[in-house]
Amino acid sequence: MRRWELSIKLSPARKQPLSLQLAGAIVECIQAGRLKPGDALPSSREFSQLLGVNRKTVVAGYDELVAEGLVTARVGGGTFVALSPTTTFPRHLAANEAPAYELPPIKQDPNRRHAAAPGTLLICSGMPDVRLFPAAALARAFRRAIGPHARPLMSSDPCGHPRLRSELATMLARTRGLPASPENLMVTHSIEQGIDLVARMLLQAGDVVVVEAFGYPPAWRLMEMAGAQLLPLPLDADGLDIKALEDLLGHQRVRAVFVTPYHQFPTTVVMSEAKRKRLVELAIRFGFAIIEDDYDHDFHYGRIAIPPIASGVGRASVIYISSLSNLLMPGASTGFVIAPAPVVERLANFRAASDTYSDAAMECAIAELFEDGEWLRHANRMKRICATRRDALATSLTRHLGGVVQFRVPDGGTSIWIRVDDAIDVANWSQLGEEEGVRFFDASAYEFSQSNKSYLRLGFSYLDENELDEAVQRMARALVKSRASESQFGCNSPFVSRSLQVAKTR
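Counting starts from 1 at the beginning of each chain's written sequence and moves along it residue by residue. Where totals are concerned, whole chains, interfaces and linings use all residues; where local detail is concerned, this predicted model gives features only for residues with pLDDT of at least 70, and gives and counts side-chain atom pairs only at 80 or more. Heavy atoms throughout the structure, all of them, feed into the side-chain values; hydrogens and water do not.

K.L.:
How should the pattern of salt bridges be read in this particular structure?
P.N.:
Opposite charge on two side chains makes pairing possible when the charged atoms of those side chains draw close. For this document, the term salt bridge refers to a Lys or Arg side-chain nitrogen within 4 Å of an Asp or Glu carboxyl oxygen. Inspection of every chain in the model, using the stated rule, returns 26 salt bridges. Two residues, Asp238 and Lys275, come together in a salt bridge whose shortest N-O distance is 2.9 Å. You can see Asp238 sitting in the loop between strand 8 (235-236) and strand 9 (239-240) and its partner Lys275 sitting in helix 10 (residues 273-286), a full 37 residues away along the chain. For Arg477, the salt bridge is made with Glu436, and the minimal N-O distance between the two is 3.3 Å. Of the two residues, Arg477 sits in helix 15 (residues 465-486) while Glu436 sits in helix 14 (residues 426-436), which places them 41 residues apart along the sequence. Owing to a relative accessible area of 11%, Arg477 belongs among the buried residues under this scheme. Look at the salt bridges and you will find they share partners, linking Arg144, Arg163, Glu368, Glu371 and Asp372 into a network. Secondary structure follows DSSP: runs of H or I at least 4 residues long count as helices, runs of E at least 2 residues long count as strands, and numbering of each begins at the N terminus. Working definition: with a 1.4 Å probe on protein chains only, accessible area under 20% of the residue-type maximum means buried, over 50% means exposed, and in between means partly exposed.

K.L.:
Sorry, what's going on with unusual backbone geometry here?
P.N.:
With an omega dihedral of 5°, the bond running from Phe265 to Pro266 counts as a cis peptide bond. Along the polypeptide, Pro266 turns up in the loop between strand 10 (256-259) and helix 10. Despite not being glycine, Thr268 has its phi angle at roughly 70°, a positive value. With respect to the helices and strands, the residue Thr268 is situated in the loop between strand 10 and helix 10. On the basis of relative accessibility, which here comes to 6%, the residue Thr268 falls in the buried class.

K.L.:
Is there a simple way to think about the nonpolar core in this case?
P.N.:
One broad trend across soluble globular proteins is that nonpolar side chains are buried collectively. The set of buried Ala, Val, Leu, Ile, Met, Phe, Trp, Tyr and Cys residues whose side-chain atoms join them within 4.5 Å is what this entry labels a nonpolar core. Membership of the largest hydrophobic core comes to 83 residues, with the highest contact counts inside it found for Ile123, Phe288, Leu401 and Trp429. Top contributing element to this core by residue count: helix 13 (residues 374-401), with nine residues. Every residue pair with non-hydrogen atoms within 4.5 Å of one another is taken to be in contact. Residues within four places of Trp429 in sequence aside, it is in contact with Leu401, Val420, Ile424, Phe440, Leu456, Met475, Ala478, Leu479 and Ser482. In terms of nonpolar packing, the next biggest core, distinct from the first, is built from 40 residues, Leu202, Ala226, Phe441 and Tyr446 among them.

K.L.:
How should I be thinking about the sheet that holds strand 15 (residues 415-420) in this particular structure?
P.N.:
Two orientations exist for strands paired in a sheet by backbone hydrogen bonds: parallel and antiparallel. If you trace the three strands from one edge of the open sheet to the other, you get 14-15-17, paired in antiparallel fashion. Of all strands in the sheet, those with a lone pairing partner are strand 14 (405-407) and strand 17 (455-459), marking the two edges. Going from strand to strand, the sheet's axes swing by 35° on average, the running direction of each strand aside. One requirement defines pairing of two strands: DSSP has to find at least two bridges between them. As paired strands, strand 14 and strand 15 are joined by three bridges and run antiparallel to one another. Bridge pairing in strand 15 places Gln406 opposite Arg419. Axis definition: a line fit to C-alpha positions, over the contact stretch in the case of helices; interaxial angles, taken between N-to-C directions, run 0 to 180 degrees.

K.L.:
Could you clarify how one ought to interpret the pairing of strand 12 (residues 318-323) in this entry?
P.N.:
Regular strands have side chains that alternate between both faces of the sheet. Within strand 12, six of the six residues are buried, which leaves it mostly tucked inside the rest of the structure. Taking every second residue as pointing to the same face, both faces of strand 12 are buried, with Val318, Tyr320 and Ser322 on one and Ile319, Ile321 and Ser323 on the other. Direction of pairing for strand 11 (residues 289-294) relative to strand 12: parallel, over a ladder of five bridges. Counterpart to Ile290 in the pairing with strand 12 is Val318. As paired elements, strand 12 and strand 13 (residues 335-338) share four bridges and run antiparallel to each other. Paired with Tyr320 across the bridge in strand 13 is Ile338.

K.L.:
Can you help me understand empty space enclosed by the protein in this one?
P.N.:
Picture a little ball the size of a water molecule; that probe, rolled over the atoms, points out where space is still empty. Both site types are read off a 1 Å grid over the protein atoms alone. A 1.4 Å probe that fits but cannot get out defines a cavity, while an open set with protein on both sides within 12 Å along at least five of seven lines defines a pocket; lining residues have an atom within 4 Å of a point. Grid points are joined across faces, edges and corners, and a volume is the space filled by probe spheres set on the points. Under the definition given, this model contains two cavities of 30 Å³ or more. The volume enclosed by the largest cavity comes to roughly 40 Å³. Along its surface, the largest cavity is lined by Val211, Glu212, Phe214, Gly215, Tyr216, Trp220, Phe258, Thr260 and Phe265. Across the lining of the largest cavity, the residue classes break down as six nonpolar, two polar and one charged. Taken as a whole, the second largest cavity spans an internal volume of roughly 30 Å³. Considering the residues around the second largest cavity, the lining is formed by Tyr295, Asp296, His297, Asp298, Phe299, Ser323, Leu324, Ser325, Asn326 and Leu327. Its residues assigned to classes, the lining of the second largest cavity comprises four nonpolar, four polar and two charged. Note on residue classes: Ala, Val, Leu, Ile, Met, Phe, Trp, Tyr, Cys and Pro are nonpolar, Asp, Glu, Lys and Arg are charged, and everything else, Gly too, is polar.

K.L.:
Which parts of the structure should I look at to understand the packing of aromatic side chains?
P.N.:
Each aromatic ring pair is characterised by the separation of its centres together with the angle its planes make. Here a pair means two rings of Phe, Tyr or Trp (six-membered ring of Trp) with centres within 6.5 Å. Their orientation is stacked below 30 degrees between planes, edge-to-face above 60, and tilted elsewhere. Scanning the entire structure with this criterion turns up eleven aromatic pairs. Both rings, one in Phe47 and one in Tyr62, keep their centres 6.4 Å apart while their planes meet at 45°; by these two values the pair is tilted. Of this pair, Phe47 sits in helix 3 (residues 44-51) while Tyr62 is found in helix 4 (residues 55-67), placing the two residues 15 residues apart along the sequence. The class for Tyr62 is buried, based on a relative accessible area of 6%. Measuring from centroid to centroid gives 5.2 Å for Trp417 and Tyr455, while their planes differ by 10°, and the two rings are stacked.

K.L.:
Honestly, the sheet that holds strand 1 (residues 40-41) in this entry has me stumped. Any pointers?
P.N.:
A sheet is described by the order of its strands in space; here three strands give the open sequence 1-3-2, paired in antiparallel fashion. Either end of the sheet is taken by a strand with one partner, and the two such strands are strand 1 and strand 2 (71-74). Summarising the sheet, strand 1 and strand 3 (residues 78-81) pair through two bridges and their orientation is antiparallel. Each residue of the ladder has a partner; that of Ala40, found in strand 3, is Phe80. The strands touched by helix 4 within the sheet are strand 1, strand 2 and strand 3, with strand 2 carrying the most contacts at an inclination of about 115°.

K.L.:
What should I look at first to understand the layout of surface pockets in this one?
P.N.:
Taken as a whole, the second largest pocket encloses approximately 340 Å³ of empty space. Taken together, 18 residues line the second largest pocket, and the ones lying closest to its centre are Met171, Arg174, Thr175, Trp375 and Leu376. For the lining of the second largest pocket, the secondary-structure elements that each account for two or more residues are helix 6 (162-176), helix 12 (360-371) and helix 13. At six residues, the largest contribution of residues to the lining of the second largest pocket is made by helix 6.

These figures capture arrangement, not role.
Here it is, written out as structure tokens:
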């Protein structure tokens with residue numbers, strides 16, 4: 001056996017077909033110089049015996065290499081590495097190589113973090129639990145969407161496939177009271193893409209956008225990249241401080257106000273109806289747009305949901321952005337924008353310039369979930385599960401951290417906003433939490449000034465009840481270490497004693 005042949009290992013356990021594994025291994029030998037131009041490859045019969053695979057597998061692998069121009073086959077004469085391959089292998093860029101052109105400055109993301117270590121419980125996440133994803137139902141719908149009657153998939157409407165837009169419009173009009181129709185609705189890959197398109201369509205350099213002092217940093221960055229100047233205003237017990245907004249409008253022209261009124265992100269407070277009404281009055285009077293980010297409307301528990309601002313009087317001043325991602329999965333054509341037709345038309349022009357073709361197959365598959373009732377069944381199931389998990393997290397927090405945290409059990413959403421004892425160094429606690437195998441952040445991750453560290457946002461949708469309890473126990477053990485390192489409390493402290501007892505049960 002020749003030396004280069006020794007490096008070829010094929011495994012049926014891998015997802016990749018054996019023929020492609022063989023082709024890839026030969027490519028690696030050519031790249032490494034173990035096989036040189038003009039070298040002969042073993043015959044398909046010889047190679048199949050050598051590797052213990054079917055001869056057809058070797059033939060298919062050789063055919064792949066011929067198609068790529070890496071080898072040549074002579075009828076009755078064998079297979080050879082090409083003398084002048086049509087496929088070249090570029091040298092990898094070194095880490096310190098830089099382009100000759102100048103790069104513009106970019107605002108660094110202070111909340112960007114390394115990947116969590118395996119086994120870490122992400123109690124910081126408000127994303128859906130992928131284990132609850134209706135994979136089988138969506139797979140069946142997707143197969144039907146790309147089946148023999150797939151002609152409708154040729155749609156290239158930048159607003160999304162008409163079939164999904166129609167289903168979404170019907171659902172949103174029925175469940176949220178929105179004036180939705182296929183003509184004033186755009187489907188996007190994500191809620192972030194919707195925010196990006198709205199920002200680029202609406203804003204110009206120097207435009208002032210009012211945002212909540214606690215909010216969603218990716219949305220802030222997208223509006224800043226569109227040229228906006230962001231002005232944060234404080235929150236109170238029922239949302240954005242409207243009096244502060246009125247004072248600002250007395251001396252400052254505002255282009256838009258970006259709000260999360262249903263479950264304010266990240267504090268989960270709900271904007272009162274009086275404030276919503278006043279916000280719309282100000283928008284009409286001063287001529288600014290309300291960008292309503294309704295990121296988790298589907299998650300409300302045990303009470304009547306307050307309708308969106310976009311469903312009421314003055315709705316023409318509102319651009320409504322939402323998503324199905326918390327019920328389904330991020331990125332799978334789950335975002336959407338509702339706005340007056342002239343706004344949607346302009347959004348379509350921006351979308352067509354950079355993302356001409358919508359994901360029609362996925363959109364038709366999701367539309368089928370609506371049509372056959374699977375979506376409603378899945379949505380109801382998710383709400384029941386998340387309500388149970390919310391209560392489980394609240395119970396665990398009271399049991400393991402009750403002496404140092406205060407919180408209100410929210411009526412909706414996928415997270416709990418928690419006030420932490422001022423004596424605790426939350427940043428140090430969070431860092432030690434990583435060592436204990438749990439990830440959570442202090443409030444500076446969500447505050448515009450990035451200075452407030454006395455709060456936590458803990459999600460309950462990503463983990464099940466047992467995992468949530470384990471995550472809080474890990475937080476408790478990390479807090480014991482944090483306080484011990486700071487020597488703030490002695491071991492006779494009731495909290496420390498209880499937490500140490502929890503740690504010893506592991």
